[in-house]
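Single-letter residue listing:
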Amino acid sequence: RPSLEYLRRRLRRRGLRADVFCGDMTEFALRRPVDAAYSTANTFRHLLSEQAARRHLECVARCLRPGGLYLLGLHLLPMDVDEESTERWTARHGRTRATYTLRVLATDRRRRLETLRVSVLARRGDQEFRLRDEFQFRMYTATQFRRLLARVPNLELCDVYDFWYDIEEPMVLDEVITDTVFVLRKRAGA
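Residues numbered from 1 in each chain as written. Predicted model: local features only at pLDDT ≥ 70, side-chain atom pairs only at ≥ 80, totals over all residues. Heavy atoms only, no water.

1. A look at the overall build of the protein chain
Line of reasoning, step 1. Assigned secondary structure in the protein chain consists of three helices and eight strands.
Line of reasoning, step 2. Here the protein chain holds 190 residues, and 33% of them are scored as buried.
Line of reasoning, step 3. Taking contacts inside the protein chain between residues at least 6 apart in sequence as the whole, the part at least 24 apart equals 59%.
Line of reasoning, step 4. In the form shown here, the protein chain has an accessible surface area of approximately 12600 Å², with 50% of it arising from carbon and sulfur atoms.
Line of reasoning, step 5. Positive and negative side-chain charges of the protein chain, numbering 36 and 27 respectively, have mean locations separated by a distance of 8 Å. (Helix = DSSP H or I, 4+ residues; strand = E, 2+ residues; numbered from the N terminus. Buried < 20%, exposed > 50% of the residue type's maximum accessible area, 1.4 Å probe, protein only. Contact = heavy atoms within 4.5 Å. Areas by Shrake-Rupley, 256 points an atom, 1.4 Å probe, with all protein chains shown as cover. Lys, Arg positive; Asp, Glu negative; His and termini not counted. Charge placed at Lys NZ, Arg CZ, Asp CG, Glu CD.)

If you want it as structure tokens, here you go:
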């Protein structure tokens, strides 16, 4: 909810309007169908069961107009993945500098769950703010994602890209690709 309030403030400051609401990713409805929707940054992987993931995709399909697009970004698990991984990056905004560290703590391939820890260190002058949280993500290989998508007949896979988002460089959905953006389309008549 604090993130949504932040978004509302940013929209107001810029004179923009949007319908912003808090809802369950597996059970939401819009007042009218939309042309496009997106979910990036692995948000989809917070859905920890196959049933929840399928319900989410079905829900998105119901909210799209026929021919509407859903851009879904998530990390796939390549067959040769290093199960102990750490990523770190830094961002700046004005005088504030934030360093994010994302560490894989455990992977359970049988249950398809990955436990991660995110740590944030934000500094502004001599002020410092630290945040640490642990959570789980559902893991998908390309084959597992294809299987899931086959269970949602109202959506079809149009293209696959990596996190460079270069429309001139579509990728192949194989067991090697990791940083994945799926372009899904609601089938006509669905």
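2. Describing the sheet that holds strand β7 (residues 155-161)
Line of reasoning, step 1. The mixed open sheet is built from four strands, whose spatial order is β1-β2-β8-β7. Each edge of the sheet is formed by a strand with only one pairing partner; in this case those strands are β1 (34-39) and β7. Between one strand and the next, the sheet's axes are offset by a mean angle of 20 degrees, whatever the strand orientation.
Line of reasoning, step 2. One ladder, built from seven bridges, connects strand β2 (residues 64-75) with strand β8 (residues 179-186); its direction is antiparallel. The residue of β8 that forms the bridge with G73 is V181. (Pairing = 2+ DSSP bridges. Axes fitted to C-alpha atoms, helices over the stretch in contact; angles between N-to-C directions.)

3. Concerning unusual backbone geometry
Line of reasoning, step 1. Residues other than glycine seldom take positive phi values, yet N42 does so here, at roughly 70 degrees.
Line of reasoning, step 2. Inspection of the secondary structure puts N42 in the loop between β1 and α2 (50-63).
Line of reasoning, step 3. The buried category is assigned to N42, whose relative accessible area is 7%.
Line of reasoning, step 4. Look at R112: it is not a glycine, yet its phi comes out positive at around 60 degrees.

4. Focus: the nonpolar core
Line of reasoning, step 1. If you look at the biggest cluster of nonpolar residues, it comprises 24 residues, and the most contacted ones within it are F44, L57, L72, L76, F145 and F182.
Line of reasoning, step 2. Going through the elements one at a time, α2, β2, α3 (142-150), β7 and β8 are the ones with two or more residues in this core.
Line of reasoning, step 3. Excluding its chain neighbours within four sequence positions, the residues that come into contact with F44 are M25, S39, A53, H56, L57, L72, L74, Y140, F145 and L148. (Core = buried A, V, L, I, M, F, W, Y, C linked by side-chain atoms within 4.5 Å.)

5. Some remarks on α3
Line of reasoning, step 1. Within the span of α3, buried status applies to A142, Q144, F145, L148 and L149. In an axial view of α3, the angular spread of the buried residues amounts to 165 degrees, which keeps them on one side of the axis.
Line of reasoning, step 2. Close packing links the buried residues of α3 with α2, β2, β7 and β8. (Arc of directions from axis to C-beta.)

6. Let's talk about the pairing of β2
Line of reasoning, step 1. In terms of strand pairing, β1 meets β2 through five bridges, oriented parallel. From the neighbouring strand, V34 faces β2, where its bridge partner is L64.
Line of reasoning, step 2. One crossover worth recording links β1 to the parallel β2 by way of α2, and it is right-handed. (Right-handed = clockwise from strand over helix to strand, strands pointing away.)

7. Looking at helix α1 (residues 2-13)
Counting along an α-helix, one turn takes 3.6 residues, and residues three or four places apart therefore face a common direction.
Line of reasoning, step 1. The terminal C-alpha atoms of α1, which comprises twelve residues, lie 17 Å apart, in line with the 16 Å expected from a rise of 1.5 Å per residue.
Line of reasoning, step 2. Positive phi shows up at G15, right after α1, with a value of about 70 degrees. (Expected span 1.5 Å × (residues − 1).)

8. Brief notes about the packing of aromatic side chains
When we look at a pair of aromatic rings, we describe it by the centre distance and by the angle of the planes.
Line of reasoning, step 1. Applying the stated criterion across every chain, the model contains eight aromatic pairs.
Line of reasoning, step 2. Taking the centre distance of 6.5 Å and the plane angle of 45 degrees together, the rings of F21 and F28 count as tilted.
Line of reasoning, step 3. With relative accessibility at 22%, the residue F28 sits in the partly exposed group.
Line of reasoning, step 4. When the centroid spacing of 6.3 Å and the interplanar angle of 75 degrees are considered together, the rings of F44 and F145 count as edge-to-face. Pair noted here: F44 is in the loop between β1 and α2 and F145 is in helix α3, with a separation of 101 residues, a long-range link. Note on accessibility: F44 and F145 belong to one class, buried.
Line of reasoning, step 5. Each residue in the set F44, Y140, F145 and F182 is aromatic and connected to the rest through ring pairs, giving one cluster.
Line of reasoning, step 6. Taking NZ or CZ as reference, R112 lies 4.9 Å from the ring centre of Y140, over its face. (Phe/Tyr/Trp six-rings, centres within 6.5 Å; stacked < 30°, edge-to-face > 60°. Lys NZ or Arg CZ within 6 Å of the ring centre and 35° of its normal.)

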